[in-house]
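Here's the letter readout for the chains.
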Amino acid sequence: MTTTHPETRSRVPLGKVAGGVTGRATGWTTTLRDALSRPLTSYYLLLGASALLLTIGLIMVLSASSVRSYEYTGDSFTIVRRQLMWVLIGVPAAVLASRLPLRLIRGLAYVGFSVSLVLLTLTAFMGVERNGNTNWLAIGPLVIQPSEIAKLALVIWAAHIYANKERRLHSFHQIVVPVVPGMLLATTLVIVGKDLGTALILFAILLGMLWVVGAPMRFFAMASMIVGVGVFAMATTNAERFERITTFIDPFKDFHGTGWQPAHGLYALSSGGTFGQGIGASQQKWGYLPEAHTDFIFAVLGEELGLVGTLLVIGLFLTIAYAALRVARETADPFVRYCSFGIVVWLIGQMIINVGMVLALLPVIGIPLPLVSYGGSSLVPTLVAIGLLVGFARREPEAARALAQRRSVRSSGLSAR
């Protein structure tokens, strides 16, 4: 039997090995770059990421609400059926929004803004109180949260005004009037209803819109001070809210009081590990998390799907943000640019606050996770906003040509048969 000395075996030169690895890496990045440069990339990213988030949301609402639903109605599927009803309303509304002409969308800007102010005013003085916040309005048998509708209406209204003033935005007065007074009025009405979380989102939208139109930095410094004073005043004038805000520093300090929910949210996330306990296997939803299917659904998601599931959800939100900002960058229409950016600030800001709240990095202020948490008042306006983004992506010149060519090919194929 012959043996081969290790040093005499045929070996691939190190340069070729490195070249092969580098070539594969270069090929992968080239493929990714080519995929992202295609005209319909933004369109498909928005559709795919939104559909996945909506699907994950339905699954998690079913799992997180099953115990509570059975306890109150004797049927584990009552809450998820309501959510499915809102999905069946919201998806067609999103499709309709994606097909509406920009002229019609902009024509509804002042109508939406006016209706939102009326609803917010009625809520401030005639609203239904839940969990210490008067942010719900009863309209017959239907109870809605007008502040969720106002988010979309304010974005469209501000984008419409700034698009009309595109050539005059070098003036500070043109930047401020009437957008800042109008949005501050809406925010004030929300604050009257003691809904601090939604007020912060509305203020974030305002700051985002001001930033994208080029407001001077001194304005943001002044606004930050005003917000800081306002938040401090709201926190110190309400004992329950003050306890909730201060408890997030150490949820276990008042474990059986205001720290109960954030502490059990951390328990849920920590027990999920890398891959989770499995869908339906959450223990914290069995009466430990009072808002398991709404504000703290991210905690149940982390417990059942693990770190992988939570990173997937965050990644999908970032995908929507990337696609929307890509549309805003490529478009020549100022309304599309401002509206896309406003929607991104709204959705990503709300996601960050919700996740930070569950991770005990931020106080518990009652903010749902868009497209995932239960609630029609939040879901339908969010789906309409996604529909607007999809419509903007479809209207990109190259994307419109690609879709037209695809329809032409399909029609010619049918006629050939």
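Refer to the structure printed above.
So, here's what we can say about the structure. These numbers were taken from a predicted model, which means no experiment stands behind them. (Residues numbered from 1 in each chain as written. Predicted model: local features only at pLDDT ≥ 70, side-chain atom pairs only at ≥ 80, totals over all residues. Heavy atoms only, no water.)

1. Some thoughts on the pattern of salt bridges
So, step 1. Applying the stated criterion to the full structure yields five salt bridges.
So, step 2. The partner of Glu304 in a salt bridge is Lys285, with the nearest N and O atoms 3.6 Å apart. On the criterion of sequence distance, the pair formed by Glu304 in helix H13 (residues 297–330) and Lys285 in the loop between helix H12 (260–272) and H13 is long-range, its members being 19 residues apart.
So, step 3. On the basis of relative accessibility, which here comes to 1%, the residue Glu304 falls in the buried class.
So, step 4. Here Lys285 falls in the buried class, since its relative accessible area comes to 6%. (Salt bridge = Lys/Arg side-chain N within 4 Å of Asp/Glu carboxyl O. Helix = DSSP H or I, 4+ residues; strand = E, 2+ residues; numbered from the N terminus. Buried < 20%, exposed > 50% of the residue type's maximum accessible area, 1.4 Å probe, protein only.)

2. Points about empty space enclosed by the protein
So, step 1. Under the defined criterion, the tally for this structure stands at two cavities of 30 Å³ or more.
So, step 2. Computed from the structure, the largest cavity encloses a volume of approximately 70 Å³.
So, step 3. Taken together, Leu120, Thr123, Ala124, Thr134, Asn135, Pro146, Ser147, Leu189, Val190, Gly193 and Asp195 form the lining of the largest cavity.
So, step 4. Put simply, the parts of the chain that give the lining of the largest cavity at least two residues each are helix H5 (109–126), strand S2 (133–139), helix H6 (146–164) and helix H8 (179–192).
So, step 5. If you tally residues by element for the lining of the largest cavity, the top one is H5, at three residues.
So, step 6. When its residues are assigned to classes, the lining of the largest cavity shows five nonpolar, five polar and one charged. (1 Å grid on protein atoms, 1.4 Å probe; cavity = no way out; pocket = protein on both sides within 12 Å on 5 of 7 lines; lining within 4 Å. Points joined across faces, edges and corners; volume = space filled by probe spheres on them. Nonpolar A, V, L, I, M, F, W, Y, C, P; charged D, E, K, R; others polar.)

3. Structural notes on the packing of H13 against helix H14 (residues 334–358)
When two helices pack together, you describe them by how their axes are tilted relative to each other and by the distance separating the axes.
So, step 1. Orientation of H13 relative to H14, taken along the N-to-C sense of each, is 165°, at an axis distance of 9 Å. Classified by the angle their axes make, H13 and H14 are roughly antiparallel. Considering the relative orientation of H13 and H14, their crossing is left-handed. Contacts between H13 and H14 involve Phe298, Ala299, Ile314, Phe317, Ala321, Ala324, Leu325, Val327 and Ala328 from the first element and Val336, Arg337, Ser340, Phe341, Val344, Ile348, Met351, Asn354, Val355 and Val358 from the second.
So, step 2. When its residues are assigned to classes, the contact of H13 with H14 shows 16 nonpolar, two polar and one charged. (Axes fitted to C-alpha atoms, helices over the stretch in contact; angles between N-to-C directions. Parallel < 35°, antiparallel > 145°, perpendicular 65-115°, else oblique. Left-handed = near helix turned anticlockwise from the far one by under 90°. Contact = heavy atoms within 4.5 Å.)

4. Concerning helix H15 (residues 376–394)
So, step 1. With 19 residues, H15 extends 26 Å from end C-alpha to end C-alpha; this agrees with the ideal 27 Å at 1.5 Å per step.
So, step 2. The buried fraction of H15 is high, at 19 of 19 residues. (Expected span 1.5 Å × (residues − 1).)

5. Comments concerning the sheet that holds strand S1 (residues 128–130)
So, step 1. Sheet architecture is open: three strands sit in the order S1-S2-S3, paired in antiparallel fashion. A single partner strand is all that each edge strand has here, and the edge strands are S1 and strand S3 (142–144). Adjacent strand axes in the sheet meet at a mean angle of 40°, parallel and antiparallel pairs treated alike.
So, step 2. Where S2 and S3 come together, three bridges link them in antiparallel fashion. (Pairing = 2+ DSSP bridges.)

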